[in-house]
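One letter stands for each residue in the lines below.
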Amino acid sequence: MERMLYEAAMEGSVASLQQLLQQDRLILDRVIVDCITETPLHVAAMLGHTDFVKEILCLKPELARELDSRGFSPLHLASAKGYTEVVKAFLLVDPDMCFACDRYGRNPLHLAAMKGRFDVLKELVRARPHAARARAERGETILHLCVKQNQLEALKFLVETMDDHNDLVNTRDNNGFTILHLAVADKQIETVNYLLSNTRVEVNALNTSGLTALDILVHGLRDVGDLDIGEAFRGTGAMRAMNTHLPNHHPQVLQLTSEGDRSMKSKGKEHWLTRKRDALMVVASLIATMAFQAAVNPPGGAWQDNSTQNSQDTQAGKSHAAGKAIMADSNEEYYRLYLSYNTTGFISSLSIILMLITGLPFTHRLFMWMLTVVVWVAITSMALTYRTAMTFLTPDSAEAAVTNIIVVGVAVWCGVMALVLVGHTIRLLVASIRKLGKLCWRERRLQSSLVYANHTNISF
């Protein structure tokens, strides 16, 4: 009978449940007395069988309070799975089950928030808002659990709904972590931005290890995303723990001058340069391969036989040897230009590869400038090689059309090169102006310090 009852719960069959009750009216009572791991109500709630759940709740509402071996009530399971209608049925019978805790101290609201069940969470908070203030086993609030599971939308809803959210966002767990500590440690950039912009989170709160959120950011540097979090802290008065105890300390804008911040900036730049170096290596290798193939397979191909000047089939009365370029005999001027451009591109690409693998200071500005120039030369040389080959291969009847295409191509290329040149020029000017501004600012500060020092000495 009990096996058939569980099968009915799995299928959500209300008719089967009623037939079993006609055969044994005490079957649901026996489920409660037998201390089975999970009741049929657990099964139906976990599978979302709303009608079956409602039928059992009408017959035996006390089954809603039964817990399984993990401490889960049927409401826990329905909340975690996101079955809104099932949750509503439980709330009509016993809304206080919102306070029931599993073996980890988590109530149904905690599970709904952790799983991002937004609609269920709204129903639970509406029924018992105080359950959202309960703490889990390790002193975690519902906001801690949202951040740990990266449920930003649930976090926003709870912050906007709860009246005491300003106190809740600064609540610490048993390890002294606020939700800002957790968001920074997990590199949740959007969550950090939201907390700093929309709440009164305490940016310099210390955990039990004496670390602020900024300390966690500096000590846990791993990727370029840390730069975005560092930018989010600007203007918030965030400090390292070593500075929070200094007397007469006024919070200042976060500056990338400390050792940890310099490491963060340096590491981000290193990641970018590494990606750029790999890309340049691929491009240089591709250009070298193209140039080599263009050299051994010139336009028009190579002679397949030997011929002397006396041979009747000799073109233009000239002798030739097998394997030699036909282009060299047909049009020596074009072949000379073609070979010059192709050789320039080949040597330039080899130079790029050599500079990248010889351990030169890749981050130095002079080296970067040299590398950029060589790349431009290599790409331009290949473009000129292509133009020469197309001009040679085009018959006289189509020469006018090809000339127009080449003119358009040259114009587009010149435009692209001009944009790149203007962009680099503007970037250089901006960098120079910023550097000059910093020098002027430092000079004014030095002069102000000297004037203050002289005034102090005179007064003394």
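As named in an unreviewed UniProt entry, the chain is PGG domain-containing protein, taken from Vitis vinifera. A UniProt comment under Subcellular location (unreviewed entry) is attached to the chain, and it reads "Membrane".

Draft legend 1. Quick peek at the UniProt feature "repeat: ANK" (unreviewed entry) in the chain. With numbering aligned to this structure, UniProt lists the feature "repeat: ANK" (unreviewed entry) at residues 70-91, 104-126 and 175-208. Between the end C-alpha atoms of residues 70-91 the distance is 21 Å, and the span holds 73% helix and 0% strand. Across residues 104-126 one finds 74% helix and 0% strand; the C-alpha atoms that close the span lie 24 Å apart.

Draft legend 2. Structural view of the packing of aromatic side chains. Taken as a whole, this structure holds 1 aromatic pair when the rule is applied. Centre to centre, the rings of Phe118 and Phe157 are 5.2 Å apart; their planes meet at 70 degrees, and the pair counts as edge-to-face. Taken together, the residues Phe118 in helix 9 (residues 118-127) and Phe157 in helix 11 (residues 152-161) connect sequence positions 39 residues apart. Among the residues examined, Phe118 registers a relative accessible area of 35% and is labelled partly exposed.

Draft legend 3. View of the packing of helix 6 (residues 74-81) against helix 8 (residues 108-115). Orientation of helix 6 relative to helix 8, taken along the N-to-C sense of each, is 15 degrees, at an axis distance of 8 Å. Here helix 6 is positioned roughly parallel relative to helix 8, judged by the angle of their axes. Relative to helix 8, helix 6 is oriented so that their crossing is right-handed. Here helix 6 contributes Leu75, His76, Ser79 and Ala80 to the contact with helix 8, which in turn contributes Pro108, Leu111, Ala112 and Lys115.

Draft legend 4. A look at the environment of Asp51. By the secondary structure assignment, Asp51 is in helix 5 (residues 50-59). Once the C-alpha coordinates of Asp51 and Glu85 are considered, the two residues, 34 residues apart in sequence, prove to be 9.6 Å apart.

Draft legend 5. The pattern of salt bridges, seen in detail. On inspection of all chains with the given rule, the structure shows 12 salt bridges. Among the salt bridges present, the one from Lys88 reaches Glu85, with a minimum N-O distance of 3.8 Å. You can see Lys88 and its partner Glu85 sitting in helix 7 (residues 84-93), 3 residues apart, about one turn around the helix. Notably, a salt bridge pairs Lys122 with Asp119, separated by 3.9 Å at the nearest N-O pair. Note that Lys122 and Asp119 are positioned in helix 9 at a spacing of 3 residues, about one turn of the helix. Overall, the relative accessible area of 29% leaves Lys122 in the partly exposed class. Residue classification places Asp119 among the partly exposed residues on the basis of a relative accessible area of 43%.

Draft legend 6. Fine view of the nonpolar core. Phe90, Leu121, Leu124, Leu143, Leu155, Leu158 and Leu180 are the most contacted members of the largest nonpolar core, which has 68 residues in total. With 6 residues, the single largest contributor to this core is helix 11. Once residues within four sequence positions are removed from consideration, Leu158 is found in contact with Ala113, Leu121, Val125, Ile142, Leu143 and Cys146. Counting residues in hydrophobic clusters, the runner-up holds 14 residues, among them Leu280, Ile287, Leu371 and Met382.

Draft legend 7. Looking closely at helix 2 (residues 14-23). Taken together, the buried positions of helix 2 are occupied by Leu17, Leu20 and Leu21. For helix 2, the arc enclosing every buried residue in end-on projection is 100 degrees, short of the 170-degree limit, so these residues lie on one face. Those residues of helix 2 that are exposed and aimed more than 90 degrees away from the buried face are Gln22 and Gln23.

Draft legend 8. Seen up close, the side chain of Glu140. With respect to the helices and strands, Glu140 occurs in the loop between helix 9 and helix 10 (142-148). Note on Glu140: relative accessible area 8%, which makes it buried. Residue contacts for Glu140: discarding those within four places in its chain leaves Ala134, Arg135, Leu145, Lys148 and Asp173.

Draft legend 9. Region of interest: the side chain of Asp24. Tracing the backbone shows Asp24 in the loop between helix 2 and helix 3 (27-33). Judged by its relative accessible area of 18%, Asp24 falls in the buried class. One polar contact links the side chain of Asp24 to the main-chain amide nitrogen of Leu26, over a distance of 3.1 Å. Apart from the residues lying within four places of it in its own chain, the contact partners of Asp24 are Met1 and Arg30.

Thresholds, definitions, all that
- Residues numbered from 1 in each chain as written.
- Predicted model: local features only at pLDDT ≥ 70, side-chain atom pairs only at ≥ 80, totals over all residues.
- Heavy atoms only, no water.
- UniProt positions renumbered as here; feature names shortened; annotations may be inferred.
- Helix = DSSP H or I, 4+ residues; strand = E, 2+ residues; numbered from the N terminus.
- Phe/Tyr/Trp six-rings, centres within 6.5 Å; stacked < 30°, edge-to-face > 60°.
- Buried < 20%, exposed > 50% of the residue type's maximum accessible area, 1.4 Å probe, protein only.
- Axes fitted to C-alpha atoms, helices over the stretch in contact; angles between N-to-C directions.
- Parallel < 35°, antiparallel > 145°, perpendicular 65-115°, else oblique.
- Left-handed = near helix turned anticlockwise from the far one by under 90°.
- Contact = heavy atoms within 4.5 Å.
- Salt bridge = Lys/Arg side-chain N within 4 Å of Asp/Glu carboxyl O.
- Core = buried A, V, L, I, M, F, W, Y, C linked by side-chain atoms within 4.5 Å.
- Arc of directions from axis to C-beta.
- Polar contact = N/O pair within 3.5 Å; in protein donor to acceptor, adjacent residues only side chain to side chain.

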